[in-house]
Amino acid sequence: MTQPLSIIQATVITQDPQTPQAGAVLVGGGRVLAVGELAELQATAPRAGLLDHRDLILTPGLCDAHTHLVTYGFSLSEINLHGARSVSEVQARVAQVAMNTPAGSWIRGGGFLLSELGVSGYPTAGVLDEVSPHHPVQLYSRDHHMTWVNSAALRAAGITEATPDPEGGQIVRPLGCLLEHASALVSAVMPEPTEAEYLAAARAGADDLAARGYVSTHTMAYEPPQAPRALQTLAARGELPLRIWACLPHSRLDAARDLGLGSGSGGLFGWGGVKFFADGALGSRTAWLHAPGFADGSGTGIALDPPELIRERGLEAIALGLTPVTHAIGDRANTEVLNVYDDLRAAAAARGIRLRIEHSQHLRPEDVPRHKGLVCSVQPIHLQADAPMIRELMPHLAEGSYAFKSLMDAGAILAFGSDAPVAAPDPRANFAAAVSRVDDGGGRLAPAEAMTVEDVLWAHTRGPAMAAGWEDEGHIRPGARAAFTLWDRLGGNARALVL
Ligand SMILES: [Zn+2]
């Protein structure tokens, strides 16, 4: 039996310079077969079924270029502290869950931002003990670079005032907050989810993205190995609604080489990148900054993976056909990564690999032109909550923060994402933030960096596809994957259409 053919009628934006606009698309066997006007395609394929979306806009399918998909799936059933505006609001939500949870069971949640809670220092364990003396509690900050825990959690992990800071982390005193790798001291003693729970979380995360109009995503490595395994299981069962480009943590590179793992494993799940972290994050004051550092006197942040390590292991990744992917938030972290990448450019180009930076968040003006040909995987939605913090903590870097237009003009390939669960994977919010630059404080962050809605669409479709080396995605032309997004207007309500 032959595959059925379909014609989609819509206002088609192709992102193919040959035919930028069209009235219909002919699809069969999961591929685009032809692009043109309705009458002409109906003449070509008279028996094709018609999908009449003439009142909608059809574009290449949306990709979220930075997610922690399974963690996001888990977060959908945990305490959601996005938007919590005070410590007492956090206490109320924890108390509510504690009432309905057997004593001794862990309570998890996340999404708070210290600045939004109105606290200047780090909150203590005692604040959570007031509402949860018998349940260990672990709450992630929105950027996931810090956790806030109660005394029961500290006891379970054996952390006391006398415990030394672990490498790459800090135990804040008086006790209550754990920065960077210090959070792992508590995570390590929490009960491990079962395989079925991982599968359920993977499915919940993927289904949520698909329902928002996404057809693909790039998953980052800040997750346990059970997470990509669950996604691979869903892909093998034909139950994955998204195409996935996944990153390995660099610590697994040796195992990957020994197993002969490389890019392009086929199907909807593929390994593509190797993840490094040059620094922490802004809200936790762990972003790595050039002097003078944070304006509140809290220092110049934390450097994580040393540049020499990124250089050495980056070359190993490239030799396996995998893309180096480096998290860099602070201006110093970005300078250091650019220096390393200058040394990797020739090797990457020889393998057809595009070197990639995650966040590219705060840049010195002299570093912007150095991004030519690099992928900048950035998250416009984060500027909404970050802008008030930027003005307070690093006013000297405001103009070089989320510098999307300048990066585009410098020849960088922009790939937009949400960093879910750090922010909700909401394409409308990403479009609004990148076009308007309006932040939660009602101001506009570096308004000269505003983008057009067409450029945002490109950065949410073709940019990520180029970053992943997907020649068949991000544009609508013969041979492309038949994975689209339908819109009432660009940047408005969206839904996925995968045939
Ligand atoms: Zn992330």
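Residues numbered from 1 in each chain as written. Predicted model: local features only at pLDDT ≥ 70, side-chain atom pairs only at ≥ 80, totals over all residues. Heavy atoms only, no water.

1. What about the sheet that holds strand β14 (residues 269-277)?
If you trace the eight strands from one edge of the open sheet to the other, you get β5-β12-β13-β14-β15-β16-β17-β18, paired in parallel fashion. Here the strands that pair on one side only, and so sit at the sheet edges, are β5 (62-67) and β18 (413-416). Across the sheet, the mean angle separating the axes of adjacent strands is 25° when strand polarity is ignored. Alignment of strand β17 (residues 375-378) against β18, held across four bridges, turns out to be parallel. Its bridge partner being in β18, Cys-376 is matched across the sheet by Leu-414. Against the sheet, helix α9 (residues 226-236) makes contact with β12 (214-219), β13 (243-249) and β14, and its axis sits at roughly 165° relative to β14, the strand it touches most. Its contacts with the sheet place helix α11 (residues 307-319) against β14 and β15 (323-328), and it is angled at close to 165° to β14. (Pairing = 2+ DSSP bridges. Helix = DSSP H or I, 4+ residues; strand = E, 2+ residues; numbered from the N terminus. Axes fitted to C-alpha atoms, helices over the stretch in contact; angles between N-to-C directions. Contact = heavy atoms within 4.5 Å.)

2. Structural notes on the domain arrangement of the chain
In many analyses, interface size is given as the accessible surface area lost on bringing the parts together. Annotation of the chain at the domain level lists domain 1 (1-61 + 474-499), domain 2 (79-187) and domain 3 (194-473). Using C-alpha coordinates to define each centre, domain 1 is positioned 48 Å away from domain 2. (Domains from an automatic or database assignment.)

3. Let's talk about the sheet that holds strand β19 (residues 483-487)
Spatial strand order, β3-β2-β1-β4-β19-β20: six strands in an open sheet with mixed pairing. Whereas interior strands pair on both sides, the edge strands pair on one side only; in this sheet they are β3 (31-36) and β20 (494-498). Averaged over all pairs of adjacent strands, the angle between their axes in this sheet comes to 40°, without regard to strand direction. Where β19 and β20 come together, five bridges link them in antiparallel fashion. Paired with Trp-487 across the two strands is Ala-494, which belongs to β20.

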